[in-house]
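Chain by chain, the residues run as shown.
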Amino acid sequence: MRATGPSRTALGAAVHRAVHQRVEGGAIFADAFAASLLDDETRARLDDAAADPSQRPMRLFIAARSRFSEETLAACVTRGARQVVVLGAGLDTFSLRNPHAGQDLRVFEVDHPATQQWKCERLKQARLAAPASLTFAPVDFERQGLADGLAAAGFAVDRPAFFQWLGVVPYLTRQAFSLTLDFIAAVPDSEVVFDYAEPFENYPVERRDNVMAIAESAAARGEPWLGLYKPDEISAILRSKGFRTVEDLGLAELTERFYGALKQGIRIGPGGHVVRAGKNVQRALAATERP
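Attention in this report is confined to the structure presented alongside it.

**Overview of the sheet that holds strand β2 (residues 106–111)**
Then comes step 1: Here we have seven strands laid out as an open sheet, ordered β3-β2-β1-β4-β5-β7-β6, and mixed in their pairing. Either end of the sheet is taken by a strand with one partner, and the two such strands are β3 (134–138) and β6 (245–249). Here the average twist between neighbouring strands, direction ignored, is 20°.
Then comes step 2: Lying over the sheet, helix α6 (residues 113–125) contacts β2 and β3, oriented at roughly 145° with respect to β3.
Then comes step 3: Each of β1 (83–87), β4 (162–165) and β5 (191–197) is contacted by helix α8 (residues 174–186), which is oriented at about 160° to β4, the strand it contacts most.

What follows is the structure in structure tokens.
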């Protein structure tokens, strides 16, 4: 993340969400505000992004991870959670679409101050007011911890919360990943959804060069991949932190659950994963009882 200006990764994810609305009609994940927060120059390039078939797999993955996260969020609200923390929020629009605002659900968006300033400018340009239920929690992780940043924003560490943590883990060191999980695990009845990428050696040779090229491109723009994990490693880390429920969806599970007819042409194999991890004992027991 650069010290000034927006995160290119955050902008790229926003573009994918906007193109999904245009090309697939939001079939996996509906987001009426996806294009609204884009600047005119970026919005003008959406047709080019839509016409590039190489972007389709990532676009559908990003739509599916958002769908899975917000479905999990809704279940947490049903169980009584009234705090949602969006880590690395970027141009995420949940706060604008929040269907639980009437239930006093508070949304805390955590991101680098430069990215949050950029988002506030985009909201202003789009003539969209930040909802009363939204609180920005700017955190410069080089100078401030997550706990301090959320505390300053009014987050109650002793009350249940859901954490959405999308598009961030590959860019974190293993230590930063571990420390963030420690904080989440310390919140009672906490639940988190995050995504991660597998190590290069997990990919077949014919795909490995392409994946490494994507990583090199990210590094060139100042956002290198620092943390790649194997599925069994992720499970072990989460259980060591006290998470009783761990659900890991790879591409095969994501396509089967969310893509419908859109799964045609999607290559199944190593790649991105989306994980739900929770500490709720009753939910954990229910998960183990599924056939």
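On we go from here.
**Remarks on the environment of Asp40**
Then comes step 1: With respect to the secondary-structure elements, Asp40 resides in helix α2 (residues 40–44).
Then comes step 2: Among the residues examined, Asp40 registers a relative accessible area of 60% and is labelled exposed.
Then comes step 3: Side-chain polar atoms of Asp40 contact the side chain of Arg43, separated by 2.9 Å.

**Digging into the packing of helix α4 (residues 56–78) against helix α11 (residues 251–259)**
Then comes step 1: It is at 10 Å that the axes of α4 and α11 come closest, and there the two elements cross at 75°. Here α4 is positioned roughly perpendicular relative to α11, judged by the angle of their axes. On the side of α4, the interface is formed by Pro57, Leu60, Phe61, Ala64, Arg67, Phe68 and Glu71, while α11 contributes Leu251, Leu254, Arg257, Phe258 and Tyr259.

**Here's the deal with unusual backbone geometry**
Then comes step 1: In this model, Asp104 sits at a positive phi of 60°, which is unusual for a non-glycine residue.
Then comes step 2: When its relative accessible area of 61% is taken as the criterion, Asp104 is described as exposed.

**What to know about the packing of aromatic side chains**
Then comes step 1: For the structure on display, the rule yields eleven aromatic pairs.
Then comes step 2: Measuring from centroid to centroid gives 5.6 Å for Phe108 and Phe155, while their planes differ by 90°, and the two rings are edge-to-face. On the criterion of sequence distance, the pair formed by Phe108 in strand β2 and Phe155 in the loop between α7 (146–153) and β4 is long-range, its members being 47 residues apart.
Then comes step 3: With relative accessibility at 0%, the residue Phe108 sits in the buried group.
Then comes step 4: Consider the rings of Phe194 and Tyr196, whose centres lie 6.5 Å apart with planes at 45°: the pair is tilted. Each of the two residues, Phe194 as well as Tyr196, counts as buried.
Then comes step 5: Three or more aromatic residues link up through ring pairs in this structure, and these residues are Trp165, Phe177, Phe194, Tyr196 and Tyr229.

**A closer look at the pairing of β6**
Then comes step 1: Going residue by residue along β6, you find Thr245, Glu247 and Leu249 tucked away on one face and Val246 and Asp248 left uncovered on the opposite face.
Then comes step 2: Where β6 meets strand β7 (residues 272–278), five bridges bridge the pair, whose relative direction is antiparallel. When the bridges of β7 are listed, Asp248 appears paired with Val275.

**Comments concerning the nonpolar core**
Then comes step 1: Among the nonpolar cores identified, the biggest contains 32 residues, and Leu150, Phe155, Phe163, Trp165, Phe177 and Phe194 are the most heavily contacted of them.
Then comes step 2: A per-element tally of this core places α8 first, with five residues.
Then comes step 3: Discounting residues that sit within four places of it in the chain, Leu150 has contacts with Val85, Phe108, Val110, Ala137, Phe155 and Phe183.
Then comes step 4: Grouped together as the second largest cluster of nonpolar side chains are 31 residues, Ile28, Phe29, Ile62 and Ala89 included.

**Quick look at the side chain of Gln116**
Then comes step 1: The topology assignment puts Gln116 in helix α6.
Then comes step 2: Judged by its relative accessible area of 7%, Gln116 is buried.
Then comes step 3: A polar side-chain atom of Gln116 sits 2.7 Å from the main-chain carbonyl oxygen of Glu109.
Then comes step 4: Residues in contact with Gln116, not counting those within four places in the same chain, are Glu109, Val110, Asp111, Phe136, Ala137 and Pro138.

**Describing the packing of helix α1 (residues 8–23) against α4**
Then comes step 1: Two numbers describe how α1 lies on α4: the axes approach to 9 Å, and their chain directions differ by 95°. Overall, the two elements α1 and α4 adopt an arrangement that is roughly perpendicular. Where α1 approaches α4, its residues Ala13, His16, Arg17, Val19, His20 and Val23 are matched on the opposing element by Met58, Arg59, Leu60, Ile62, Ala63, Arg65 and Ser66.
Then comes step 2: Split into classes, the residues belonging to the contact of α1 with α4 amount to seven nonpolar, three polar and three charged.

The rules we used
- Residues numbered from 1 in each chain as written.
- Predicted model: local features only at pLDDT ≥ 70, side-chain atom pairs only at ≥ 80, totals over all residues.
- Heavy atoms only, no water.
- Pairing = 2+ DSSP bridges.
- Helix = DSSP H or I, 4+ residues; strand = E, 2+ residues; numbered from the N terminus.
- Axes fitted to C-alpha atoms, helices over the stretch in contact; angles between N-to-C directions.
- Contact = heavy atoms within 4.5 Å.
- Buried < 20%, exposed > 50% of the residue type's maximum accessible area, 1.4 Å probe, protein only.
- Polar contact = N/O pair within 3.5 Å; in protein donor to acceptor, adjacent residues only side chain to side chain.
- Parallel < 35°, antiparallel > 145°, perpendicular 65-115°, else oblique.
- Phe/Tyr/Trp six-rings, centres within 6.5 Å; stacked < 30°, edge-to-face > 60°.
- Core = buried A, V, L, I, M, F, W, Y, C linked by side-chain atoms within 4.5 Å.
- Nonpolar A, V, L, I, M, F, W, Y, C, P; charged D, E, K, R; others polar.

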